[in-house]
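Structural characterization, general
Residues per chain are reported as follows:
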Amino acid sequence: MLIKLVEHIDLNEAYAYLQSPEAGAVNLFVGTVRNHSKGKNVVRLDFEAYDAMAIRQMEHIAHDAFKQWPLVKLAMIHAVGAKEPGVPVVIIGVSSAHRDASFEACRFLIDELKKTVPIWKKEFYDDNSVWVNAHP
Amino acid sequence: MKVLLFGITREITGQSRINIPENAGINTVKALKSWLGQQYPALQSLSSLAIAVDSEYAQDEDALTPEQEIALIPPVSGG
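Reference entry: report on the structure contained in this document. Quick caveat: nothing in here was measured; it's all calculated off a predicted structure.

All names here are of chain A. Pairing between strand β3 (residues 36-37) and strand β4 (residues 40-49): two bridges, direction antiparallel. Its bridge partner lying in β4, S37 is registered against K40. The loop that links β3 with its antiparallel partner β4 comprises two residues; one of these, K38, has a positive phi angle of about 50 degrees. For β4 and strand β8 (residues 119-125), the ladder comprises seven bridges, and the chain directions are antiparallel. Bridge pairing in β8 links R44 to F124. Both β4 and strand β6 (residues 81-83) contribute to a ladder of three bridges, which runs antiparallel. Note that in β6 the partner of D46 across the bridge is A82.

Here it is as structure tokens:
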């Protein structure tokens, strides 16, 4: 497993890690910064993580995925710090012998990451900023 | 007892770490949440507030001890 927090996401590193002669499929999900949210211009996102717990929780999710699907390799990499629109901020990648497992596992991994991994983003607009999801 | 703070809870309290006095008598997750809510009422308006102990989510009835790493986890928004 390749699980880590980084300043800058490197797509090639993830792909290189996931490649394997046993795998007939490599599935990569790349989450990027969108320049709009609820009708407002987003100029920047700041990501903050509780590093030790974020890694631990990503490991739990990864183990769950290995139990559910026959995966060859798995990568979860999340960026921290200030990020501008268009920039990649998270990579979820898996390789498997056949494509169904890698598609399904990839979806599971990003959905679970968003629910439980202690990473927070603050959205900066033209005129103010908010911590995403903080308030009902 | 020390509590680590992140994101909006760090901004609400103005600190990245709170030292809770021993005489506050806090020994469960539930008691800690209640104490923090009284000290910092703005925490009560958050969508959710979890406590982590040694990098795992804790339940309200779980016991707390000073040697654990305790953190306040506001609603997450990674990805």
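Now, onward.
Further remarks concern the pattern of salt bridges. Residue and element names in this part refer to chain A. In the structure shown here, the tally under the stated rule is nine salt bridges over all chains. Of the charged contacts, one joins D127 and K40 as a salt bridge, the two residues approaching to 3.5 Å between their closest N and O atoms. Taken together, the residues D127 in the loop between β8 and β9 (129-131) and K40 in strand β4 connect sequence positions 87 residues apart. Overall, D127 belongs to the exposed group, its relative accessible area being 60%.

The rules behind each value
Residues numbered from 1 in each chain as written. Chains lettered and ligands numbered in written order. Predicted model: local features only at pLDDT ≥ 70, side-chain atom pairs only at ≥ 80, totals over all residues. Heavy atoms only, no water. Pairing = 2+ DSSP bridges. Helix = DSSP H or I, 4+ residues; strand = E, 2+ residues; numbered from the N terminus. Salt bridge = Lys/Arg side-chain N within 4 Å of Asp/Glu carboxyl O. Buried < 20%, exposed > 50% of the residue type's maximum accessible area, 1.4 Å probe, protein only.

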